[in-house]
Every structure is written in structure tokens, then in C-alpha cells.
Amino acid sequence: MSGTKCICVIYTGGTLGMVRSARGYIPAPDLGGLLRTRMPQLRAEGIPRYELVEINPPIDSANVTPEFWYDLAARVCALVPHYDGFVIVHGTDTLAYTASALSFLLAGAAKPVVLTGAQIPLVELRSDAHANLEAALIVAARAATSEVTVVFGRRLLRANRTIKTDSTALDAFDSPSFSPLADLGSYIQFHDVPKLPPVGPVEWLEPLAYRPSTIVVLPIFPGIHADMVKGVVDAGAQGLILECYGRGTAPDCNEALIHVLGEAIDGGVVAVAVSQCLDGHVALGTYAAGSALAECGVVSGFDLTREAAFAKMHTLFARELGSREIAEKMQQNLRGELTPDPEP
Ligand code: ASP
């Protein structure tokens, strides 16, 4: 029963707790004070008891770095024995990146971890903070959803399938290639979705320390020049998330570009193709313009989102795996983040 459960709410910043300034909205401390005055309904029956941890200073999530993910995961891991679930209040701009990263970093948490935020600050009229926070607390108290998820607007989404699709709408997030875990309507309707695969090596259940790595998201665009890619590689990129067209194509007539990519991969860079399309998946062999990528060593990210691909690769580098193993694991379904070979 949610009445006996206690949820830890971790406030990292974001619009939900922001206030106006002469330069636009800024994160504000003391979410606890705000919740007491603006959300008395959080003491209502049916809402689980919660305790608040505030990260100081709270940030606009535009300032999130990979190091922040590992710190946040370490905090959650340290608190896991004391709570039944977690709600993480986060800015929406990079919420999908943090949510994806936590899905890989908290594989061993075995408690629900729900990220949420708001498009309109709690202190403003018509704020969506109320509904989002209430729903996140209720979901976090349900043991059935013991994975990292996102509650936003009318949906509960798998963390590493989530993207921010709208900069203003209250249903700001979606998971185009994967069904929502639940619809949050007048009641919470859970859907039958593929379960998470078992965690690989047992040591992956342990908290993972931050290790810097240089991963670059590189969109393919008309006229992309080999020197641009070379510049990124020469600057020290260890991993490339290549945002390709459609089913995973790039200008294969640009021999210099394909050559630079091949050389980088031979030198140990891991390159993964994801699609610029919102929905669908990469299948590199569909077109010759995609086969050229596969032939030079680019691997398919299938239906990985950009955010999940970036965060997943970061955590694989943090595990100090070799580039071959990272390339292999990028194509495997580790935490529900991708559907390998949807068309075998
Ligand atoms: N810029 C804000 C942030 O990501 C946007 C939001 O929270 O909605 O922190």
C-alpha cells in the first residue's frame, strides 16, 4: 500500500522550481518551502509519504554534464536501502539524457526511479508541476514499475526510450519507437510491454564511477565534408553517435568522408548509426548508401534514440571496455533501450 511507503524526492532544478528574473527563469532553492505552500495536496491520502533531498545549487538542466549523472546515480544508490522508491525532479531540456544514463547506471537499484519536471513553474498559473509530481509519487510507490521511468503529462515512459518532442506542450515527452508503460488518464492504465532483459555481468549491478570520455553526436547533413569529421576525430573523439538519414544512410559518393570514418574506426573510435527520424529504425543494409557505413565499421543503433545512444556509450566507456566490445554492446539490448534487428 502506498500509505506505508516512503519515497525520496531528489530536486536537481529545472522549470518546476524556477522563478522569474530579469534574464528569464532561473532555478531557485528551497523546493521544500514551495511544496508546503503550493502543494498541500501532497499530504493527501493516497499520496505516499516523501522526504526531500535538494541538490545545491539547483540547475537549469542545460548545464547537466555526464559527471552529474554518475553523482546522481551514486546518491540514489546510497539511499536505496532507506526508501521504497525515488522521484527525481529535473529540467526537461536534458531529462531524456539523464533518464537514459540512469537506466544503465541504476540497473541494480531494484526500486522504482521516476524522473519528472514541468513546462510551467510551480509558482505560475496553470502549472503542470502539480499533476506531474503527484503522478510521479504515486508511480514511484508501485513496486510493479521497478525500473527507471519518466512521468510527464499523460504518460509513463521507459526512461531510455524517451525524448523531448515539444518545447511548450504539457505532453512534452514521448517514446516514438516504444509503447508508453502506462497512460495516466482518469486512472493509471499499465500496458503489457517487453520486460527488461536480465542484467549482464553481475558487477554491473554495482555503482559505476565517472570516467571522462569524449563522445560526439554528429549529424549527417547535405554537404558534410570529410574534414569536419576529421576535425572531430583529431580533437580526440573516442565515440561517434552518427545521426544518419532515414534507415541509416550517409553520402557514400563522398569517398573522403567514408575513408575518414573507416580510418577513425580502425584507430579505435566506436561509431554507431542512429536515425534522424523520430520513429523507425536503422537497417544499414537497406541502401548501398548505408552499406558503405557498415563496410567501414559503423555499427547499427537500430531504434536507439540519440540520448540513449550517447548515454549508453558513455557508461560503456566508463566500464573501461575495449572499442570492439563497446561496438558489440551498442547493438545489444541491455536495459530495454533498443529492439535489435526488428526485421531479421
Ligand atoms: N531549461 C529548463 C531546464 O531544462 C527547461 C525545463 O525544465 O522545462 O532546466
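Residues numbered from 1 in each chain as written. Predicted model: local features only at pLDDT ≥ 70, side-chain atom pairs only at ≥ 80, totals over all residues. Heavy atoms only, no water.

Some details on the overall build of the protein chain
The cut-off we apply is this: Here a helix means four or more residues in a row that DSSP labels H or I, a strand means two or more in a row labelled E, and each is numbered from the N terminus. Using C-alpha atoms as the atom set, the radius of gyration is obtained and then compared with a globule rule of 2.2 Å times the number of residues to the power 0.38. The contact definition used throughout considers only heavy atoms, calling two residues in contact when any of these lie within 4.5 Å. Here the Shrake-Rupley method, with its probe set to 1.4 Å, supplies the accessible areas, and only the displayed protein chains count as covering residues.
Tallying secondary structure elements over the protein chain gives nine helices and 16 strands in all. Relative to a compact globule of 344 residues, whose C-alpha radius of gyration would be 20 Å, the protein chain shows 21 Å and is just as compact. The C-alpha extent of the protein chain, read off along each of the three principal axes, is 65 × 50 × 35 Å. For the protein chain, restricting intrachain contacts to residue pairs at least 6 apart in sequence, the fraction spanning at least 24 positions comes to 73%. Summed over its atoms, the accessible surface of the protein chain is roughly 15000 Å², and 53% of this surface lies on carbon and sulfur atoms.

Remarks on the packing of aromatic side chains
Worth spelling out the cut-off: Ring pairs are drawn from Phe, Tyr and Trp, using the six-membered ring of Trp, whenever the two centres fall within 6.5 Å, and their geometry is named by plane angle: stacked under 30 degrees, edge-to-face over 60, tilted for the rest. Each residue is placed in one exposure class: buried if its accessible area under a 1.4 Å probe, protein chains only, is under 20% of its type's maximum, exposed if it is over 50%, and partly exposed if it falls in between.
Throughout the structure, instances matching the rule amount to five aromatic pairs. On the numbers, 6.0 Å between centres and 85° between planes, the contact of Trp69 with Phe310 is edge-to-face. Linking Trp69 in helix α2 (residues 66–79) with Phe310 in helix α8 (residues 306–318), this pair joins segments that are 241 residues apart in sequence. For the pair formed by Trp69 and Phe310, the shared burial category is buried. Seen in terms of ring centroids, Tyr70 and Tyr210 are 5.5 Å apart; in terms of plane orientation they differ by 65°. Their pairing is edge-to-face.

A closer look at the side chain of Asp128
Definition in use: Only four residue types enter the charge count: Lys and Arg as positive, Asp and Glu as negative, with His and the chain ends excluded. Salt bridges are identified by distance alone: a Lys or Arg side-chain nitrogen within 4 Å of an Asp or Glu carboxyl oxygen.
Within the element layout of this structure, Asp128 appears in the loop between β6 (113–116) and α4 (129–140). Put simply, Asp128 is tucked away with no salt bridge, and the nearest opposite charge, on Arg126, sits 8.6 Å away. In this structure, Asp128 is in contact with Ala118, Gln119, Ile120, Phe152 and Leu170, ignoring residues within four places of it in sequence.

With respect to the site of the ligand
Note the following rule: For this description, a residue counts as near a given molecule or strand if any of its non-hydrogen atoms is within 4 Å of it. Think of a polar contact as two N or O atoms within 3.5 Å of one another; within protein, one of them needs to be a possible hydrogen donor and the other a possible acceptor, and neighboring residues in sequence only count if both atoms come from side chains. Ten residues, namely Ala, Val, Leu, Ile, Met, Phe, Trp, Tyr, Cys and Pro, are considered nonpolar, four, namely Asp, Glu, Lys and Arg, are considered charged, and the remaining ones, Gly among them, are considered polar.
Contacts to the ligand come from Gly14, Thr15, Met18, Asp60, Ser61, Gly91, Thr92, Asp93, Ala118 and Gln119. Asp93 is positioned such that a nitrogen or oxygen atom in its side chain is 2.7 Å from a nitrogen atom of the ligand. At 3.2 Å, a backbone N or O of Ala118 approaches an oxygen atom of the ligand. Notes on the ligand: free accessible area 270 Å², of which the protein chains cover 91%. Partitioning the shell around the ligand into residue classes produces two nonpolar, six polar and two charged.

Considering the state of the cysteines
Going by this rule: The term disulfide is used for any two cysteine sulfur atoms that are within 2.5 Å.
Counted according to the given criterion, the structure contains zero disulfides. Not part of a disulfide, Cys77 finds its nearest cysteine sulfur in Cys8, a span of 12 Å. Judged by its relative accessible area of 23%, Cys77 is partly exposed. No disulfide involves Cys277; its sulfur sits 11 Å from that of Cys244, the nearest cysteine.

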